[in-house]
Amino acid sequence: MLPNLRQLHHFLSAMRIFATPILLVLSLCSGSAGAAWVSSTVPGQSVLSGIDSPNAVALASGARILVVGSSTQALVTSVNPDTGEVIAKIALSGQPKALAVNSSGTRVYVVTAGSGNILVLDLPSAKVVATWPIGGELSALALKSDDSEVVVGDESGKRIVSINPVTGGINKQLALTETAIQLAYGQTDTRLLIGTKQGNLTTLDAGAWSLVSNVHIGSRVHGLAWWQAGGLAAAVQRDQDGMSLVDVERGIIVWQGLIDGRPSGITLNPLQGTAYASTLDDFSANVVDLGGQSVKGRYTLQSPAGGMAFDSTTQNLLITQPKNNQIVRIDPAQSPLVGELQLNK
């Protein structure tokens, strides 16, 4: 016997109620947890999609953990850089502005926008395990390679602060005359590099925090890295469209090169002496031969780069693209370069 209309209505309503949790489970399972690298049309390049507005990035190369902060959400995502699998997503109290991961890939330190706190994340449990109140408006952040010290820059207070990475206790702080917006360690952690909004590269003895040198490199410093083999600091200046190599011990600029397109960040391949500088205007990553002190060309991108990291294990360059919800992986040995772009300004 066929059911009447009332029976059919009750049957369909029950099916909708029963199906709702199934659809919810399916939507959760069909997220980016199963994400994988997909080969691009460009040789030597692959793309990882479905990452929430990936921006700031940190890599524990030996532990094979990539940590990515979102540019639009209060969220940090950990990823397996080899497979592209999303390991965990951790909700924060604010949008991540800068982050660092320890060498074992178990602990992440995060500075959030407009905050005076450092958030400490435990990756195995995917939880925020501590909130350390430092005060001010924190921006830049650096972690020693042996995981023994965290240093943050306070923009509003014009100071840098050294923090115990286990307890969160403040070891020391130093008042500055300028605003620290970039931090990096150099010379096997014996030098602390400070890039300022006013265009200076200040170098301190990393132990005593005594001044080693102060060099004006032109304009706002938007990226800092240390070239160990050359014993030089590499910095990009956003407003001056350039890169500088600085001998911090002598306090002199060794070389300055033009990188048109508003440089926004830098990372290095220390073994080959190659720097990669991202730019905003032409959506690219410029390749600089540090030894030869010349720009070799660039990799073009589909949208502006957010952050960059060089994977010393695989020798790949990783670039986040917030607008596309993607991370691009480039094998420099296989991916072709295009010529330099000269913009008319």
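As shown above, the structure is provided for reference.
Because the structure is predicted, anything quoted here is derived from the model rather than measured. (Residues numbered from 1 in each chain as written. Predicted model: local features only at pLDDT ≥ 70, side-chain atom pairs only at ≥ 80, totals over all residues. Heavy atoms only, no water.)

A. Structural context of the nonpolar core. Of all hydrophobic cores here, the largest spans 16 residues; its most connected members are Met 243, Ile 266, Leu 268, Ala 275, Val 288 and Leu 290. Counting residues per element, this core draws most heavily on strand 20 (residues 232-237), which supplies three residues. The contacts of Leu 290, once residues within four sequence positions are left out, are Trp 227, Met 243, Leu 245, Leu 268, Gly 273, Thr 274 and Ala 275. (Core = buried A, V, L, I, M, F, W, Y, C linked by side-chain atoms within 4.5 Å. Buried < 20%, exposed > 50% of the residue type's maximum accessible area, 1.4 Å probe, protein only. Helix = DSSP H or I, 4+ residues; strand = E, 2+ residues; numbered from the N terminus. Contact = heavy atoms within 4.5 Å.)

B. Focus on the sheet that holds strand 10 (residues 127-133). Here four strands make up an open sheet; going across it, the order is 7-8-9-10 and the pairing antiparallel. In this open sheet, the two strands that pair with only one neighbour each are strand 7 (96-101) and strand 10. The sheet shows a mean angle of 25 degrees between the axes of neighbouring strands, direction not considered. Across five bridges, the pairing between strand 8 (residues 107-112) and strand 9 (residues 117-122) is antiparallel. Directly across from Val 108, in strand 9, lies its bridge partner Leu 121. (Pairing = 2+ DSSP bridges. Axes fitted to C-alpha atoms, helices over the stretch in contact; angles between N-to-C directions.)

C. Spotlight on the sheet that holds strand 22 (residues 252-258). The antiparallel open sheet is built from four strands, whose spatial order is 19-20-21-22. Two strands bound the open sheet, and with one partner strand each, they are strand 19 (221-227) and strand 22. The average angle at which neighbouring strand axes cross in this sheet is 20 degrees, direction not considered. Relative to strand 22, strand 21 (residues 242-247) runs antiparallel, the two being bridged by six bridges. Bridge pairing links Leu 245 to Trp 255 in strand 22.

D. Structural detail: the side chain of Thr 320. Note that Thr 320 resides in strand 28 (residues 316-321). Judged by relative accessible area, which is 1%, Thr 320 ranks as buried. The residues touching Thr 320, leaving out its near neighbours within four places in the chain, are Pro 54, Asn 55, Val 57, Val 68, Pro 304, Ala 305, Gly 306, Gly 307, Gln 326 and Ile 327.

E. Structural context of the pairing of strand 4 (residues 65-70). Burial of strand 4 is extensive: six of the six residues sit out of reach of the surface. Burial of the side chains of strand 4 extends over both faces: Ile 65, Val 67 and Gly 69 are buried on one face and Leu 66, Val 68 and Ser 70 on the other. Linking two consecutive strands that pair antiparallel, namely strand 3 (residues 54-60) and strand 4, is a turn of four residues; a positive phi of about 60 degrees is found at Arg 64 within it. The loop that links strand 4 with its antiparallel partner strand 5 (residues 75-79) comprises four residues.

F. Here's a closer look at the side chain of Gln 321. Relative to the assigned elements, Gln 321 resides in strand 28. Here Ser 303 takes part through its backbone oxygen, which lies 3.0 Å from a polar atom of the side chain of Gln 321. (Polar contact = N/O pair within 3.5 Å; in protein donor to acceptor, adjacent residues only side chain to side chain.)

G. Quick look at the pattern of salt bridges. With the rule as written, the count across this model stands at 11 salt bridges. In this structure, Asp 52 engages Lys 89 in a salt bridge whose closest nitrogen and oxygen atoms are separated by 2.9 Å. One end of the pair, Asp 52, is in the loop between strand 2 (45-49) and strand 3; the other, Lys 89, is in strand 6 (residues 86-91), with 37 residues separating them in the sequence. Residues joined in a network through salt bridges with shared partners are Arg 64, Asp 82 and Asp 311. (Salt bridge = Lys/Arg side-chain N within 4 Å of Asp/Glu carboxyl O.)

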